[in-house]
Amino acid sequence: RHTRYWRDWSSDVCSSDLAARELFGEIGNALREAAMTLNLGRTAVAQGDLERGEKLLRDSERALKGLGGRGQLCEAQRALAQVLVRLGRLEEAERFALESRETVGPEDRVSGSTTKVALAEVRAAQGRDAEAEALFREALEGFEFFGFRASEREALENAIDFFRDRGRDEDVARYEARRAELSPSSTAPIA
């Protein structure tokens, strides 16, 4: 439920990302190889293979930490935190979510918000609802302000689930309306 938008195209991307990762490994471009590993990890999670996703995300996080790929490192850390929440390993999820918040650069608007979403998910799972709600709201405001529509749609899914689980129908309706505004108006294939 956290990765509906990834799932739509993940199977097509998986084989090309795998080939790209192998190619980057062959030519010695470790940073791009780690980035492709991150993509493969996200894809595995989107396909429901949490264990494989966790392994790939850990591999990516470890490699990026050693390479200094800060922008991608914070994304690997936050994705790892999110999958660990789903696996019920909250202490470890919290550590990675907090690390992602420390790693994100001050000018990185997208990751500034995505890492808030990851920490919100951790806080929600810990029963720290007030903190989770504040983080979801801040993240969504950031996505909307800077026009990151795809990231906002994904974060809206998480916020809607959070509010629905707490019986907050008014908030659910408001965020579902916003999600509808961001959804494509046509299902016709793009030529």
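Residues numbered from 1 in each chain as written. Predicted model: local features only at pLDDT ≥ 70, side-chain atom pairs only at ≥ 80, totals over all residues. Heavy atoms only, no water.

Focus: the overall build of the protein
Worth spelling out the cut-off: For the purposes of this entry, the term helix denotes a DSSP run of H or I that reaches at least four residues, the term strand denotes a run of E that reaches at least two, and both are numbered from the N terminus. Burial classes follow relative accessibility: with a 1.4 Å probe on protein chains only, a residue under 20% of its type's maximum area counts as buried, one over 50% as exposed, and anything between as partly exposed. Contacts were defined at the residue level, with two residues in contact if any of their heavy atoms lie within 4.5 Å. In this description, accessible areas are obtained by the Shrake-Rupley approach with a 1.4 Å probe, and a residue is regarded as covered only by the protein chains that are shown.
If you tally the helices and strands in the protein, you get 9 helices and 0 strands. Reading the helices (α) and strands (β) of the protein from amino to carboxyl end gives α-α-α-α-α-α-α-α-α. Expressed as a percentage of the 191 residues in the protein, the buried residues total 48%. Counting only contacts in the protein whose residues sit at least 6 apart along the sequence, the fraction spanning at least 24 positions is 57%. With an accessible surface of roughly 9600 Å², the protein has 51% of that area assigned to carbon and sulfur atoms.

Regarding helix α7 (residues 129-146)
Defined as follows: To estimate the expected span of a helix, subtract one from its residue number and multiply by 1.5 Å.
Its 18 residues give α7 an end-to-end C-alpha distance of 26 Å, which sits within 8% of 26 Å, the value for a rise of 1.5 Å per residue. Among all positions of α7, only Ala 132, Glu 133, Leu 135, Phe 136, Ala 139, Leu 140, Gly 142 and Phe 143 are buried. Residues of α7 that are buried in the fold lie against α6 (109-125), α8 (149-165) and α9 (169-182). Positive phi appears at Gly 147, one or two residues downstream of α7, with a value of about 75°.

Focus: the confidence of the model for the protein
The condition that has to hold: For every residue, the predictor reports its confidence as pLDDT, a number between 0 and 100.
Mean pLDDT over the protein: 86, with 81% of residues reaching 70 or higher. Taken element by element, the protein is modelled with least confidence in helix α1 (residues 4-27), mean pLDDT 53, and with most confidence in helix α5 (residues 90-103), mean pLDDT 97. For the stretch residues 1-11, pLDDT sits under 50, and the model shows 28 contacts to residues farther than four places along the chain or on other chains.

Concerning the pattern of salt bridges
Definition in use: We define a salt bridge as a side-chain nitrogen of Lys or Arg found within 4 Å of a carboxyl oxygen belonging to Asp or Glu.
Under the criterion given, the structure shown has 30 salt bridges. One salt bridge connects Glu 133 with Arg 168, and the closest N-O pair in it is separated by 2.9 Å. Of this pair, Glu 133 sits in helix α7 while Arg 168 sits in the loop between α8 and α9, and the two are 35 residues apart along the sequence. Given the relative accessible area of 28%, Arg 168 is considered partly exposed. Between Arg 164 and Glu 176 there is a salt bridge, with its nearest N and O atoms 2.5 Å apart. Taken together, the positions of Arg 164 in helix α8 and Glu 176 in helix α9 put the pair 12 residues apart, joining distant regions of the chain. Taken together, the shared-partner salt bridges connect Glu 133, Arg 137, Arg 168, Asp 171 and Arg 174 into one network.

Focus: the packing of helix α4 (residues 70-86) against α6
Counted only if it meets this: Axis definition: a line fitted to C-alpha atoms, over the contacting stretch in the case of helices. Angles run 0 to 180 degrees between N-to-C directions. Roughly parallel means an angle under 35 degrees; roughly antiparallel means over 145; roughly perpendicular covers 65 to 115; every other angle is labelled oblique. Handedness of a crossing follows from how the near helix is turned relative to the far one, being left-handed for an anticlockwise turn of less than a right angle and right-handed for a clockwise one. Basically, the charged four are Asp, Glu, Lys and Arg, the nonpolar ten are Ala, Val, Leu, Ile, Met, Phe, Trp, Tyr, Cys and Pro, and anything else, Gly included, counts as polar.
It is the contact of α4 with α6, at a shortest axis distance of 9 Å, that shows an interaxial angle of 20°. Considering their axes alone, α4 and α6 lie roughly parallel with respect to each other. In this structure, α4 meets α6 at a crossing whose hand is left-handed. For the pair formed by α4 and α6, the contact residues are Gly 71, Cys 74, Glu 75, Arg 78, Gln 82 and Val 85 on the first element and Ser 111, Thr 114, Thr 115, Val 117, Ala 118, Glu 121, Val 122 and Ala 125 on the second. Its residues assigned to classes, the contact of α4 with α6 shows 6 nonpolar, 5 polar and 3 charged.

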